[in-house]
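So you can see what is in the structure, the chains are spelled out below.
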Amino acid sequence: MSDRPVASVVVPVGRVDVELDEQLAALQAQRSEVAIEIVLALNAPGDDVEAELRTLADGQPGWPIRIVDASDRRGAAHARNVGAAEAAGELLLFCDGDDRVAPGWAATLIDRAGRGHAVGGHLDEELLAVPGQADWRPPATPDELPSFLDHPYLVSANCAVHRDDFLAVGGFDEQLTRCEDLAFSYALVDAGVELSYAAKAIVHYRHRAGLVPMLRQHFLYGRGMSELIARGMLPGSDGGLATRFRANSQPVDRWTTAQVLRKLSLGAGRLVGTATARGQ
């Protein structure tokens, strides 16, 4: 096996905690026939935080871990871009620090990501589920890539893309309030990269606990959706008002109060996003 990594796992790090420790342990347990490196893009300022992260990384033997400074601008999109720019691998794998990759995750993505392809994996929402919140949201990956207004996209918490393709489209858009993974996916498609779904590349996904945090998160998603449309990033759209307010159909088994509130938050976010993006 060559010393040069073939794949780089890029993880944006906003805080150092037990969840990140568990994710690093899960990454170190990955088995692969090719060399892997783990790139931690630290998005929190402070020497104390960096020292804490280095201590945590040093306690995880296995694949080499590199820490890169992405603290000059807050945001996961920026951290992923910095991590990707510093990565040495030909293939970039993305996951988040508060989730947990399942055995075989890296090998599956590496195997499926052929030239001209980018791959999104499956987000399992059961293992790390918050009690009482199982019916608050539709499935993140409904046995296929999720879609927005009928256009599939990769979720940044579980995907793989070739480094050359990543750089060709400019990485994740740091100007959007949210939904930078949608914009990134559509830019890849526009560049001729095919998106595919790998059901066996599993990440155990952790939702935010509490109703208010969920509603705030979905409000920001709504803003990002309208910004994306207004800037002409949605394939086949001219950014008009009809598209900005078109409902996004998602599979929902049972409409609960939380589901209704979530949809209202998304709608409010799209309304605010449309107002702030007016004229763009």
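Now for a look at the structure at hand.

Conventions and cut-offs
- Residues numbered from 1 in each chain as written.
- Predicted model: local features only at pLDDT ≥ 70, side-chain atom pairs only at ≥ 80, totals over all residues.
- Heavy atoms only, no water.
- Core = buried A, V, L, I, M, F, W, Y, C linked by side-chain atoms within 4.5 Å.
- Buried < 20%, exposed > 50% of the residue type's maximum accessible area, 1.4 Å probe, protein only.
- Contact = heavy atoms within 4.5 Å.
- Pairing = 2+ DSSP bridges.
- Helix = DSSP H or I, 4+ residues; strand = E, 2+ residues; numbered from the N terminus.
- Axes fitted to C-alpha atoms, helices over the stretch in contact; angles between N-to-C directions.
- Phe/Tyr/Trp six-rings, centres within 6.5 Å; stacked < 30°, edge-to-face > 60°.
- Expected span 1.5 Å × (residues − 1).
- Parallel < 35°, antiparallel > 145°, perpendicular 65-115°, else oblique.
- Left-handed = near helix turned anticlockwise from the far one by under 90°.
- Nonpolar A, V, L, I, M, F, W, Y, C, P; charged D, E, K, R; others polar.

Time to look at the nonpolar core. Within the largest apolar cluster, 51 residues are counted, with the highest numbers of intra-cluster contacts made by Val9, Leu27, Leu40, Leu53, Leu93, Trp105 and Phe148. Sequence-distant contacts of Trp105, defined by excluding residues within four places in its chain, comprise Val9, Leu27, Gln30, Leu93, Phe94, Cys95, Asn158, Ala201, Ile202 and Val203. Counting 24 residues, the second-largest nonpolar core is a separate cluster that includes Ala41, Ala87, Cys159 and Val161.

Let's shift gears to the sheet that holds strand S3 (residues 65-69). If you trace the eight strands from one edge of the open sheet to the other, you get S3-S2-S1-S4-S9-S6-S10-S5, paired in mixed fashion. What marks the edges here is a single partner per strand, and that holds for S3 and strand S5 (100-101). Bridge analysis of strand S6 (residues 117-124) against strand S9 (residues 158-162) gives two bridges, and the strand direction is antiparallel. Residue pairing in the sheet places Gly120 in a bridge with Cys159 of S9. Where helix H3 (residues 76-86) meets the sheet, it contacts strand S1 (7-13), strand S2 (36-42), S3 and strand S4 (91-95), and its direction lies at approximately 150° from that of S1.

Attention now moves to the environment of Gly116. The topology assignment puts Gly116 in the loop between helix H4 (105-112) and S6. As a C-alpha pair, Gly116 and Ala191 span 75 residues in sequence and 9.6 Å in three-dimensional space. In contact with Gly116, not counting residues within four places along its chain, are Asp165, Gly192, Val193 and Glu194.

Applying the stated rule across the entire model yields five aromatic pairs. The interplanar angle of 25° and the centroid separation of 5.7 Å between the aromatic rings of Phe94 and Phe166 together place this pair among those described as stacked. Pair noted here: Phe94 is in strand S4 and Phe166 is in helix H5 (residues 163-168), with a separation of 72 residues, a long-range link. Taken individually, Phe94 and Phe166 each receive the classification buried, so the pair is uniform in this respect. Ring centres 5.5 Å apart and planes at 90° place the aromatic pair Phe94 and Phe172 in the edge-to-face group. Taken together, the residues Phe94 in strand S4 and Phe172 in the loop between H5 and helix H6 (180-190) connect sequence positions 78 residues apart. We note that Phe94, like Phe172, is buried. Feature note: the residues Phe94, Phe166, Phe172 and Phe184 constitute an aromatic cluster, connected by ring pairs.

Between its first and last C-alpha atoms helix H9 (residues 257-276) spans 29 Å; for 20 residues at 1.5 Å apiece the expected length is 28 Å, and the two agree. For H9, the set of buried residues is Ala258, Gln259, Arg262, Ser265, Leu266, Gly269, Arg270, Gly273 and Thr274.

With that out of the way, let us pick up the packing of helix H7 (residues 211-230) against H9. Viewed as axis vectors pointing N to C, H7 and H9 meet at an angle of 40°, and their least axial separation amounts to 6 Å. Our classification of the angle between H7 and H9 gives oblique. Read as a crossing pair, H7 and H9 show a hand that is right-handed. Between H7, through Leu211, Met214, Leu215, His218, Phe219, Tyr221, Gly222, Arg223, Met225, Ser226 and Ile229, and H9, the contact on the second element is made entirely by Ala258, Leu261, Arg262, Ser265, Leu266, Ala268, Gly269, Arg270, Val272, Gly273, Thr274 and Thr276. Class assignment for the residues of the contact of H7 with H9 results in twelve nonpolar, eight polar and three charged.

Any functional reading would require information beyond the geometric quantities listed.
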